[in-house]
Amino acid sequence: MNKKIKELYDHDTLYNNNPQRSFKGASLTEIAFPVGGIGTGNISIGGRGNLRDFEIFNRPAKGNVIPFTFFALWAKQNDKEPVAKILEGKIPPPYRSGFGEPQTQLQGIPRFANAEFTAEYPKAKVTLTDDDIPITAHLTAWNPFIPLNVKDSAIPGAILEWSFINDTDEPIDISLAANASNPLVRKNEQGQYINDGSLNTYQAAGRLKGMLMTNPCIASDDPAAGSIVLSAIWDDLDIQTRWFRGSGWWDKCHLFWDAFSNTGKLPMVIDSEPAPYNGDVCSLVMHAQIPARGSVTIPVIYTWHFPKMVNPWPDGINETLNTYSGAVYSDAWNVASYIADDFTRLRSETDNWLSAMYDSTVPDYVLEAITSQVSIIRSPTCMLLADGRFFGWEGCGDNIGSCFGNCTHVWNYEQSLAFLFPQLERTMRQTEFLYNTRPTGNMAFRTNLLPGNRLLEFKPCVDGQMGVIMQVYRDWKLSGDDDFLKEIWPNVKAALEYAWTMTPDKLTPATPESGNRSIDSLWDTDKDGVIEGEQHNTYDIEFFGPNTLCTAMYLGALRACEEIADYLGETEKAEEYRSVYESGKQKVDAELWNGDYYIQKVNVIDGIIVPEHLKSPDSEICSPTYACKQSPGVKAPSLGNDDIIPKYQYGDGCLSDQLLGQVNAHIYGLGYILNPDNVKNAVKSIFYNNFRSPIDSFSNVQRVYALNDESGLLLCSWPKGNRPALPFVYSDEVWTGIEFHVAAHLIYEGFIDEGLTLVKAITDRYSGYNRNPWNHIECGHHYARAMASWGVKLALDDFTFDMIKKQIGFAPKINKNNYSTFWSVGSAWGHYTQNLDKFKYAINVKYGELNLASIKINDLPNGTIDVMLNGEPLQFNRDNDLIEFHNPITMGRNDLLIIQ
């Protein structure tokens, strides 16, 4: 083992499966656990149990806290004086505000001395203790998360269950105060916000009781129109639709806290008058008695409903959009009622996911990396419209999305949505191929809303375009849906063949200075299987000349289309795609392999115009490499096209992304698309050349995502020299999305320690005190590329799927003697276990319906085996690791298949 790895993590650290880590003290600082549904936004649970980042208004809103929205506990034991505290850990320094902290959250009220945070997505748990109160308080915050079930995973709400454990031998009386203010404000004709007219209305239906917060002054077609509900499933409670409306200062705060802290009660106030200014604060106070050594759990539900949103990607036609939650629910009370009526089922099915996911022998930090980034699906990065179509930014800023339009070259990396909500992933393919692909095959790599109204006027993106073709193959194999495939297949072919059909005489007229041309970029006009022309890519610049970031994606697309064409009976097309693929595979290994890894062959072919801003400077300040035109004493290489030397290339560099197409081919079941020996050497070279520990030994003037004694994988290095003076613009950065796919690839190729080391380094960088584990940042928060983390799980499972053939398979890479893991396909998900000591293998369906004709199990023993479904023997044929049933079987929920 490499010394670098030994110094970082020993074997037990890399391979042991421990409980999910807990956060205490300073590690609570950056914790913000998002709770919300798909396309609904969310609120975040801070590490102390504080509610923060209310991003519920169909836009990002980091740092947004709705005033006076908090919980408090009152407790009284026999004749002792009552104790009341806000249900949060103590507020940590620094205390910077020159006028004292704003009192909108009553920062001067006592809080609990000790707080501990743990999480298994989608559930966060905060434990609070204090010597003043003989009660342990637990907050479990969650939103239903049920893979394949979009409706129940897209509920706009947060369930906040408070459990109180009596640590004494005497009963204790308690009151739980749930408080919230109405934040709904209207705009006047000048566009200024007016803080009046909001209304809190008491509602009750069975055991569900709560406050419906609205603002009747807001027009129904305004994106600001909506409602919020604070409710509880409880019988014994006090109601205040509003705190005291006094003269200002702190009158309402004094009256609230004095009444609650002394008596545990509030005077009943049920008012139907709108607020004259600001938003009224409302309260629910639930009363209970905790028996000696017993416990009580009080469910509180916070829901929101905003049926319209401002179109964030204007198409020139639609200024507002209709949201999915607006189509499903009438208002926030309707949402709360749905949760209350189906509470037991929603919790049970969410717990099914938790048991399937976390009952695993995968290392704990890998589970955290996988599941924490699943939360991106339900962050403000993502949108779900009324018709069920899914859209995503690349990430999101503090108050606005970051980089619009289902960006193909970023979403190219993600696997989480595809394997958990594949029906939503398929809507992205439909957007790309039914709306964003021109008749020539030139695909707009960003979409406007609504799709089809206006196409992006920009050059196409080669890695994005070829990557989504590979994703079509994945999504088809996951779903077994021929109709989905046939609907988009004509444009899939056009998008692939676009690489061949563009010639210089078809170029849109452009000047050399033009950088934003919508042009045909001469990718593979000689049809030799290698992309050579101008290649816009995920680094937001253009590569010129052959490289494997773009060409490996192209080869993967050729292989995917070959198999699809063959399946659809288009034999000539299949043969054509195969011929181009074989040519490209041979040329890549012959021309781009340097003995250790694949490089870029910088070349500007005839017909391509390099814009002025991309030409390397003719300057004495450039370092003496090929990146500067005519540097003193150095002869510039022959690059074609009058020896124009473009900036932002990587040339002889070891690019971490050089095999993205190959790892995706592994995940999708396409096998090796390049020479296997070279692939193994290249991915090993990526790790040993680009992984830096500690990172502070490396100088980086670009964006910083790893710092000081942290470890990380650089996007590129130049181990053999010849680093360009101006390499591609993100070359020295560390992106978790790239680290995750390289980690997955290392595992696929057998470099388990190296792959796990990468994942562990990522987890260590997101440790609570420095960064939020549930928010991996690149160009914005909750960055979509980080959903490549699911690929690490697929690699460790070596999970194979082909629902066209009705086949799944497992070949675990670690802990083979006793392995357990979650699995999912387009119609079902469940749990897999194998125990080699007992020669027992089990597949359990926990949701949906699984149709199987065969199973592949890598570690099947020699000799006779039995296969049983729910205890009944099945007839089958066996060919080594392949079990083929005489008759296909259908497995429903809780069905169990055992091989023994």
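Residues numbered from 1 in each chain as written. Predicted model: local features only at pLDDT ≥ 70, side-chain atom pairs only at ≥ 80, totals over all residues. Heavy atoms only, no water.

Caption draft 1: Inspection of the overall build of the protein at higher detail. Within the protein, the secondary structure is distributed over 20 helices and 43 strands. For 900 residues, the compact-globule estimate of 2.2 N^0.38 gives 29 Å, and the protein sits close to it at 29 Å. By principal-axis analysis of the C-alpha atoms, the protein measures approximately 90 × 75 × 55 Å. Scored against the burial criterion, the 900 residues of the protein give a buried share of 62%. Within the protein, residue pairs in contact and separated by at least 24 positions form 70% of the contacts whose partners lie at least 6 positions apart. Of the roughly 32,000 Å² that the protein leaves accessible, carbon and sulfur atoms contribute 48%. Taking the average place of the 76 positive charges on the side chains of the protein and the average place of its 110 negative ones, the gap between the two points comes to 1 Å. (Helix = DSSP H or I, 4+ residues; strand = E, 2+ residues; numbered from the N terminus. Rg over C-alpha atoms; globule rule 2.2 N^0.38 Å. Buried < 20%, exposed > 50% of the residue type's maximum accessible area, 1.4 Å probe, protein only. Contact = heavy atoms within 4.5 Å. Areas by Shrake-Rupley, 256 points an atom, 1.4 Å probe, with all protein chains shown as cover. Lys, Arg positive; Asp, Glu negative; His and termini not counted. Charge placed at Lys NZ, Arg CZ, Asp CG, Glu CD.)

Caption draft 2: Up close: the side chain of Q600. Its place among the elements puts Q600 in the loop between α15 (571-591) and β29 (654-655). For Q600, a relative accessible area of 3% gives the class buried. At 2.8 Å, the side chain of Q600 forms a polar contact with the backbone nitrogen of Y650. (Polar contact = N/O pair within 3.5 Å; in protein donor to acceptor, adjacent residues only side chain to side chain.)

Caption draft 3: Layout of helix α11 (residues 422-435). Given a rise of 1.5 Å per residue, 14 residues ought to cover 20 Å, and the 19 Å separating the end C-alpha atoms of α11 matches this to within 8%. Turning to α11, its buried residues are P422, L424, E425, R426, T427, M428, R429, T431, E432 and F433. (Expected span 1.5 Å × (residues − 1).)

Caption draft 4: Here's a closer look at the sheet that holds strand β4 (residues 51-55). With antiparallel pairing, the three strands of this open sheet are ordered in space as β2-β3-β4. On the outer flanks of this sheet lie β2 (32-35) and β4, each paired with one strand and no other. Pairwise comparison of adjacent strand axes, ignoring direction, gives a mean angle of 25 degrees for this sheet. Pairing geometry for strand β3 (residues 42-46) and β4, over three bridges, is antiparallel. Looking at the pairing, I45 lines up with L51 of β4. (Pairing = 2+ DSSP bridges. Axes fitted to C-alpha atoms, helices over the stretch in contact; angles between N-to-C directions.)

Caption draft 5: Region of interest: the sheet that holds strand β34 (residues 807-810). An order of β33-β34-β38-β42-β41 is seen for the five strands of this open sheet, with the pairing classed as mixed. Sheet topology places β33 (800-802) and β41 (876-879) at the edges, where each strand pairs with a single neighbour. Adjacent strand axes in the sheet meet at a mean angle of 25 degrees, parallel and antiparallel pairs treated alike. Bridge count between β34 and strand β38 (residues 850-857): four bridges; the pairing is parallel. Bridging across to β38, Q807 finds its partner in S854.

Caption draft 6: View of the packing of helix α7 (residues 343-358) against helix α8 (residues 364-374). In contact at an axis separation of 11 Å, α7 and α8 are set at 145 degrees when each is read in the N-to-C sense. Listed contacts from α8 to W353, M357 and Y358 of α7 are L367, I370 and T371. Its residues placed into classes, the contact of α7 with α8 shows five nonpolar, one polar and no charged. (Nonpolar A, V, L, I, M, F, W, Y, C, P; charged D, E, K, R; others polar.)

Caption draft 7: Seen up close, the packing of α8 against helix α20 (residues 790-797). For the pair α8 and α20, interaxial distance at closest approach is 8 Å and the crossing angle is 135 degrees. Overall, the two elements α8 and α20 adopt an arrangement that is oblique. Along its contact with α8, which presents V366, I370 and V374, the element α20 presents W790, V792, K793 and L796. The residue inventory of the contact of α8 with α20, partitioned by class, reads six nonpolar, no polar and one charged. (Parallel < 35°, antiparallel > 145°, perpendicular 65-115°, else oblique.)

Caption draft 8: A look at the environment of K209. Following the sequence through the fold, K209 ends up in strand β16 (residues 208-214). Residue K209 is classed as buried on the basis of its relative accessible area, which comes to 13%.

Caption draft 9: Expanded view of the packing of aromatic side chains. Summed over the entire model, instances satisfying the criterion amount to 50 aromatic pairs. Between the aromatic rings of F33 and Y121, the centroid separation amounts to 5.6 Å while the plane-to-plane angle is 45 degrees, which identifies the pairing as tilted. Separated by 88 residues along the polypeptide, F33 in strand β2 and Y121 in the loop between β8 (114-120) and β9 (123-130) bring together distant segments of the chain. Among the residues examined, F33 registers a relative accessible area of 0% and is labelled buried. On the accessibility criterion, Y121 (2% relative accessible area) is buried. For the ring pair W142 and F343, a centre distance of 6.0 Å and an interplane angle of 65 degrees mean the geometry is edge-to-face. (Phe/Tyr/Trp six-rings, centres within 6.5 Å; stacked < 30°, edge-to-face > 60°.)

Caption draft 10: Structural context of the pairing of strand β12 (residues 172-181). Among the ten residues that make up β12, nine are buried, leaving the element largely enclosed by the rest of the structure. Where β12 meets strand β19 (residues 281-290), ten bridges bridge the pair, whose relative direction is antiparallel. Considered in β19, the bridge of A178 is made with L284.

Caption draft 11: Representation of the nonpolar core in the model. If you look at the biggest cluster of nonpolar residues, it comprises 264 residues, and the most contacted ones within it are F117, F164 and Y539. Among the elements that take part in this core, helix α14 (residues 548-567) stands out by supplying twelve residues, more than any other. Y539 has contacts with L549, L655, D657, L715, F728, V729, Y730, W735 and I738, leaving out every residue within four places of it along the chain. Formed by 17 residues, the second largest nonpolar core is a distinct cluster that contains W74, W243, F256 and L266. (Core = buried A, V, L, I, M, F, W, Y, C linked by side-chain atoms within 4.5 Å.)

Caption draft 12: Local environment of the environment of R893. One can find R893 in the loop between β42 (882-891) and β43 (896-899). According to the relative accessible area criterion, R893 is partly exposed, its value standing at 37%. Residues R893 and W829, 64 residues apart in the sequence, show an inter-C-alpha distance of 9.1 Å. Each residue touching R893, except ones within four places of it in the same chain, is listed here: E349, V845, K846, Y847 and G848. A polar side-chain atom of R893 sits 2.9 Å from a polar atom in the side chain of E349.

Caption draft 13: Focus on the pattern of salt bridges. Scanning the entire structure with this criterion turns up 51 salt bridges. Residues R389 and D387 are paired through a salt bridge, measuring 2.8 Å at the closest nitrogen-oxygen approach. Measuring nitrogen to oxygen at the nearest pair gives 2.9 Å for the salt bridge that ties R446 to E394. You can see R446 sitting in the loop between α11 and α12 (462-479) and its partner E394 sitting in the loop between β24 (390-392) and β25 (395-396), a full 52 residues away along the chain. A relative accessible area of 3% places E394 in the buried class. Connected through salt bridges with shared partners, the residues D152, D342, R345, E349 and R893 form a single ionic network. (Salt bridge = Lys/Arg side-chain N within 4 Å of Asp/Glu carboxyl O.)

Caption draft 14: Expanded view of unusual backbone geometry. Residue P94 is bonded to the preceding P93 through a cis peptide linkage, with omega at 5 degrees. With respect to the helices, strands and loops of the structure, P94 is situated in the loop between β6 (83-89) and β7 (111-112). Following L449, the chain continues into L450 via a peptide bond in cis, with omega recorded as 0 degrees. Its place among the elements puts L450 in the loop between α11 and α12.

Caption draft 15: Inspection of the environment of L796 at higher detail. Looking at the element boundaries, L796 is found in helix α20. On a C-alpha basis, the gap between L796 and E116 in space is 31 Å, while along the polypeptide they are 680 residues apart. With near-sequence residues (within four places) excluded, L796 lies in contact with V362, V366, I747, L756, A811, P812, K813, I814 and Y819.

Caption draft 16: Up close: the pairing of β41. Alignment of β41 against β42, held across four bridges, turns out to be antiparallel. If you follow N877 over to β42, its bridge partner there is E884. Hairpin geometry of β41 and β42 is characterised by an intervening segment of two residues between the two adjacent antiparallel strands and by a positive phi of about 55 degrees at N880.

Caption draft 17: Expanded view of the side chain of D657. Relative to the elements of secondary structure, D657 occurs in the loop between β29 and α16 (660-668). In this structure, D657 is buried with no salt-bridge partner, the nearest side chain bearing the opposite charge being R785 at 5.3 Å. A polar contact of 2.6 Å, which involves the side chain of D657, links it to the side chain of Y413. A polar atom in the side chain of D657 sits 2.6 Å from the side chain of H741. Beyond its immediate chain neighbours, meaning those up to four positions away, D657 contacts Y413, T538, Y539, L549, I738 and H741.

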